[in-house]
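# Structural features, examined
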Amino acid sequence: MVDASTANSQENVADAFLQGGASLRNAAGPYFGSYGGRWMPESLIAALDEVEDTFEKAKADPEFLAQLKDLNKNYSGRPSLLTEAKRFSQHAGGARIFLKREDLNHTGSHKINNVLGQALLAKRMGKTRVIAETGAGQHGVASATAAALLGLECVVYMGAEDCRRQALNVARMQLLGATVVPVTNGSQTLKDAINDALRDWVSNVDTTHYLLGTAAGAHPFPAMVRFFHEVIGEEARAQILEQTGKLPDAVCACIGGGSNAIGIFHSFLDDASVKIYGFEAGGDGVETGRHAAAITLGRPGVLHGARSYLMQDEDGQTIESHSISAGLDYPSVGPEHSYLADIGRVTYEPITDTEAMDAFRLLCRTEGIIPAIESSHALAGAIKVGKLLTEGKENPADTVIIVNLSGRGDKDVETAAAWFDMLDEDGNVKGTTLSTRKPKGPSERSNLEISIEEASEDQN
Amino acid sequence: MTEQMTSKSAAAIDRAKAQGRAALIGYLPAGYPDVQSSIDAGIAMARNGADLIEIGIPYSDPVMDGAVIQAATTEAIANGFRVASVFDVVAGITAATDAAVLVMTYWNPVMRMGVDEFSRRLAEAGGAGLITPDLIPDEAAEWFAASDKYGLDRVFLVAPSSTPERLAMTVEASRGFVYAVSIMGVTGTRQSVSSSAEKLVADTHAAGAERVCVGLGVSNADHVREIAAYADGVIVGTALVAAIRDGGVDAVAQLTKNLSAGLGRATAQA
């Protein structure tokens, strides 16, 4: 809960670790407490070992680090800005809110940090092909981008329903030279896209690297994906010190798998005075059962290679998650987050679709920034945290909060227009003849479906 | 390999070996199309030449399975399959036949029930042990304890990609037999058996395994014959699932009979 007692206990937990000479920052995996590990078929263990070995060597190789730094600066546009949201702050109890602008990166989200790192590793391993899963398409677009940049073949698995909803992102990936495979198995969502990517990987592991998009999955993915996103927190820490002369009182991020969150949290985990909040997708409300709040309501289990909090039924079958934000629509979470939740260093709380969309609109209108709906969960949470931390304070502007604005909302315009009742029955923006999407007709369908490779080349 | 006199899988494979042939292991998912059919089909396999029966637990995220098994297990779950029914299937088959009955399951359903509780109920139903496609010995501490406590076989998988160190470690951890994955891929029928299978079986034997059975992509009597020449057992899955899908229990019986004909001409293992 975002309340005073959890805020205080966060401080105590961090203090206790630091006084014991321990650090929470650099957990190397494979285990984070009792979470993480490798719950994977033996067929893939050699490939995971190869990735781990290549990653460990690269991390210690100045040439690799220089190459990554160069791409981050001259290709992605890092460092991303830290922007004070002065008008938005008025809605958060008067706390000063700063936005870490991952939305300004090339391709429009934090995802590029990880794909550039992993695509470089793929080259070092001599792989010629990368595969990726995607929900809304952000990680797929980022993967297709990195693959184009480095001359790798790219195949992206995407739920068939998501392909239809995010046709523009499918087209973006195709323009970048990637093949998009609609996944028609199971619930046809992100988790099934990961299943199909794993099936592809096990069948093509000699030539192929699986470019997993979040800080979840089997070791070394959680620690490796975190490493490539640590730049977010490192920059934010230096920027806030420069702009305010002190560390923030709180850091907020949204949690799906949790890669943007672990990236920014990392730099602050050992600062006992900094409270850290992760906001999960509460969907229609956790009491409805239609949500993606794995930490809040899940229980430990194994999915996609890691032991972590998991939305599952009494039989251990994965429960389908629900969120207005496709990027948070995942029934588990990265194992490091499960650990940080259990020890009480980070507070996790669900944000409903309604709360997130209210924050989405508020940021649009107070700051002139259209945020991703994913990031809007962090914004909504920051409003709660701001009110809590400024309560009874004479000078609320002494309270400083950083929100990781993990992505921009261009991709979400159609969803937002529908949510805010801006569309008429034909899908046109009300009062105009402008459509947010192409007319839905047989010709559109067949074009899309013809251009996409069929999902299941029958391996049977 | 950890051996105990009580290994039901080892005993079943050894009975086949004593007849100068490899063992036939047939797979079907529990609850497809319903629980009673799985029992009937398991019995039909045992009466038509299968020495071991492998009963799969339908799971929401079966990453090692191809389209045919995915479709069947998805349908079983949609039809209301509950994990605890697998014990009814095991008990139903063991009550009617001498076949060793193993359960093949992804790990999360076992973890959810509790590894000890699952193991206790499996042993009580007369089950021989577990085949665990996404559990490697590195993560199996709880399963080691429970399988020892209830005398269950631990069938881990080895793959063409397994290093010599991992082969040795997996062989050491296994009881009953070692499951050699014939190719790098997922379940499903294939035109031919990969040449990597024979080398993997030889390497696994060399690493100390007494019994090595080959699965993945084995779908007809010719495949069975080819593998039976070098392995201790041959595992058939997708072809049997397609049979029950298209022709019910009778088709399973017929296919099992055809497959077991492949064993007959096998060169006897020393």
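As a starting point, this report considers the structure included with it. (Residues numbered from 1 in each chain as written. Chains lettered and ligands numbered in written order. Predicted model: local features only at pLDDT ≥ 70, side-chain atom pairs only at ≥ 80, totals over all residues. Heavy atoms only, no water.)

## Quick look at the overall build of chain B
Counting its secondary structure elements, chain B contains eleven helices and nine strands. Its C-alpha atoms give chain B a radius of gyration of 16 Å, within 12% of the compact-globule value 18 Å for 270 residues. For chain B, the residues scored as buried account for 63% of the 270 residues in total. In chain B, of all internal contacts separated by at least 6 residues, the share reaching a separation of at least 24 is 74%. Accessible area of chain B: about 9000 Å², with a carbon and sulfur share of 51%. Seen as two clouds, the 20 positive and the 30 negative side-chain charges of chain B have centres 3 Å apart. (Helix = DSSP H or I, 4+ residues; strand = E, 2+ residues; numbered from the N terminus. Rg over C-alpha atoms; globule rule 2.2 N^0.38 Å. Buried < 20%, exposed > 50% of the residue type's maximum accessible area, 1.4 Å probe, protein only. Contact = heavy atoms within 4.5 Å. Areas by Shrake-Rupley, 256 points an atom, 1.4 Å probe, with all protein chains shown as cover. Lys, Arg positive; Asp, Glu negative; His and termini not counted. Charge placed at Lys NZ, Arg CZ, Asp CG, Glu CD.)

## With respect to the state of the cysteines
All names here are of chain A. Taken as a whole, this structure holds zero disulfides over all chains when the rule is applied. The structure places no disulfide on C252, whose sulfur is separated from the nearest cysteine sulfur, that of C254, by 11 Å. Looking at C252, the relative accessible area reads 0%, which means it is buried. With no disulfide partner, C364 has as its closest neighbouring cysteine sulfur the one in C254, 16 Å distant. (Disulfide = S-S within 2.5 Å.)

## Some words on the interface of chain B and chain A
The interface is formed by 43 residues belonging to chain B together with 36 residues belonging to chain A. Carbon and sulfur atoms supply 48% of the area buried between chain B and chain A, which totals about 3300 Å² over both sides. Per-residue buried area on chain B facing chain A is highest for V63, R112 and E139 of chain B; these three make up 21% of the total on that side. The tally of links between chain B and chain A comes to four salt bridges. R166 of chain B is the partner of E42 of chain A in a salt bridge, and the nearest nitrogen-oxygen pair spans 2.9 Å. For the interface between chain B and chain A, the tally reads 21 residue pairs in polar contact (both at pLDDT 80 or more). The set of elements that each furnish at least two residues to the side of chain B that touches chain A consists of α3 (67–78), α5 (107–113), β6 (157–158) and α8 (164–173) of chain B. (Buried area = accessible area lost by both parts, 1.4 Å probe. Salt bridge = Lys/Arg side-chain N within 4 Å of Asp/Glu carboxyl O. Polar contact = N/O pair within 3.5 Å; in protein donor to acceptor, adjacent residues only side chain to side chain.)

## Quick notes on the pattern of salt bridges
Pairing is possible between side chains that carry opposite charge, provided their charged atoms lie close to one another. Taken as a whole, this structure holds 44 salt bridges over all chains when the rule is applied. Measuring nitrogen to oxygen at the nearest pair gives 3.5 Å for the salt bridge that ties E56 of chain A to K59 of chain A. On the criterion of helical spacing, the pair formed by E56 of chain A and K59 of chain A is a turn pair, its members being three residues apart in helix α2 (residues 45–59). A residue is classified by how much of its surface remains accessible, and E56 of chain A, at 35% relative accessible area, is partly exposed. In this structure, D315 of chain A and R82 of chain B form a salt bridge, with 2.8 Å as the shortest nitrogen-oxygen distance. Of this pair, D315 of chain A sits in the loop between β12 (305–310) and α13 (335–343) while R82 of chain B sits in the loop between α3 and α4 (85–96), each in a different chain. For R82 of chain B, a relative accessible area of 42% gives the class partly exposed. Each of the salt bridges in this network shares a partner with another, and the network as a whole consists of R78, K100, E102 and E235 of chain A.

## Re the sheet that holds strand β13 (residues 346–352) of chain A
Sheet strands associate in pairs through backbone hydrogen bonding, adopting either a parallel or an antiparallel arrangement. Residues and elements named next belong to chain A. The strand order across the open sheet built from six strands is β3-β4-β14-β9-β10-β13, with neighbouring strands paired in mixed fashion. Lying at the two open borders of the sheet, with one neighbouring strand each, are β3 (82–84) and β13. Put simply, the sheet's adjacent strands are angled 30° from each other on average, direction ignored. Across six bridges, the pairing between strand β9 (residues 250–255) and strand β10 (residues 275–283) is parallel. Within β10, the position partnered with A253 by the bridge is G278. Packed on one face of the sheet, helix α10 (residues 221–244) meets β3, β4 (96–101) and β14 (400–405) and runs near 140° to β4. (Pairing = 2+ DSSP bridges. Axes fitted to C-alpha atoms, helices over the stretch in contact; angles between N-to-C directions.)

## A word on the side chain of T187 of chain B
The topology assignment puts T187 of chain B in the loop between β7 (178–181) and α9 (196–206). Among the polar contacts listed, one links the side chain of T187 of chain B to the side chain of D65 of chain B, at a separation of 2.9 Å.

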